[in-house]
Amino acid sequence: MNPRKKVDLKLIIIGALGVGKTSLLHQYVHKTFYEDYQTTLGASILSKIIILDDTTLKLQIWDTGGQERFRSMVSTFYKGSDGCILAFDVTDLESFEVLDTWRGDVLAKIIPMEQSYPMVVLGNKIDLADRQYRSILDNYLTDSIKLSPEDQSRSGCC
Ligand SMILES: Nc1nc2c(ncn2[C@@H]2O[C@H](COP(=O)(O)OP(=O)(O)OP(=O)(O)O)[C@@H](O)[C@H]2O)c(=O)[nH]1
Ligand SMILES: [Mg+2]
């Protein structure tokens, strides 16, 4: 039997104040959800081991604070990361719009060193009734992606 490969990955989660970055990670790693809000000061690190096919992945996930005053400190944590989660709150349009700035920060630090760097956009708080994600996605599709009619029919979109 082949021993499993071992891979260490450093991931970072960024996004506006209070979008739920810490809650999401605690739910993922410790299976607990905190109702009480305690803003993250700077950053904290969580670890999780997952097994994927024949590989043991050791995730080191950097949870960062969304406060403006931590912005330049947080950008120093991007170094050496293998990917990034851009988090927003689906009930808060501004938290989505500001992702562009966060993304710009990451690209400015990472891309000169890494040609390919995975980033995912994550919409949180989907349990809340006043979610605005439909209009967020509609605007995004209209303004940014501009799918051609062929693409739309292929994707079954719109
Ligand atoms: N309803 C609902 N509330 C959530 C969800 N995720 C987080 N919250 C609440 O949102 C508040 C902020 O959550 P945090 O996880 O501390 O937010 P954060 O992004 O880490 O905030 P900063 O560290 O200040 O940047 C807390 O009161 C959470 O309980 C969710 O999926 N649904
Ligand atoms: Mg936090």
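Higher on the page you've got the structure.
Scoring rules and cut-offs
Residues numbered from 1 in each chain as written. Chains lettered and ligands numbered in written order. Predicted model: local features only at pLDDT ≥ 70, side-chain atom pairs only at ≥ 80, totals over all residues. Heavy atoms only, no water. Donors = N, O, S within 2.8 Å, 3.2 Å for Na, K, Ca; no water. Helix = DSSP H or I, 4+ residues; strand = E, 2+ residues; numbered from the N terminus. Near = heavy atom within 4 Å. Polar contact = N/O pair within 3.5 Å; in protein donor to acceptor, adjacent residues only side chain to side chain. Areas by Shrake-Rupley, 256 points an atom, 1.4 Å probe, with all protein chains shown as cover. Buried < 20%, exposed > 50% of the residue type's maximum accessible area, 1.4 Å probe, protein only. Salt bridge = Lys/Arg side-chain N within 4 Å of Asp/Glu carboxyl O.

(A) Representation of the coordination of the magnesium ion (ligand 2) in the model. Those donors, Thr22 (OG1) and Thr40 (OG1), are the protein atoms that reach the magnesium ion (ligand 2), and they lie 2.0 to 2.1 Å from it. One end of the pair, threonine 22, is in helix α1 (residues 21-30); the other, threonine 40, is in the loop between α1 and β2 (43-52), with 18 residues separating them in the sequence.

(B) Inspection of the site of ligand 1 at higher detail. The full set close to ligand 1 counts 19 residues, and Lys21, Ser23, Tyr37, Thr39 and Gly66 are the nearest of them. In this structure, an oxygen atom belonging to ligand 1 sits 2.6 Å away from a side-chain N or O atom of serine 23. Threonine 39 has a polar side-chain atom sitting 2.5 Å from an oxygen atom of ligand 1. For ligand 1, whose free accessible area comes to 660 Å², the fraction covered by protein is 87%. Counting residues per element, the shell around ligand 1 draws most heavily on α1, at three residues.

(C) Seen up close, unusual backbone geometry. Positive phi, normally seen in glycine, also occurs at aspartate 53, with a value near 50°. Its location among the elements puts aspartate 53 in the loop between β2 and β3 (55-64). Of note in this structure, lysine 125 is not a glycine but carries a positive phi near 65°. Take lysine 125: it is sitting in the loop between β5 (119-124) and α5 (133-145). Owing to a relative accessible area of 24%, lysine 125 belongs among the partly exposed residues under this scheme.

(D) Seen up close, the pattern of salt bridges. For the structure shown, the criterion picks out three salt bridges. Between glutamate 68 and arginine 71 there is a salt bridge, with its nearest N and O atoms 3.1 Å apart. Notably, a salt bridge pairs aspartate 89 with lysine 125, separated by 3.5 Å at the nearest N-O pair. With a gap of 36 residues between them, aspartate 89 in strand β4 (residues 83-89) and lysine 125 in the loop between β5 and α5 connect regions that are remote in the sequence. The exposure class assigned to aspartate 89 is buried, which follows from its relative accessible area of 7%. Here the residues in one salt-bridge network are Glu68, Arg71 and Asp105, joined through shared partners.

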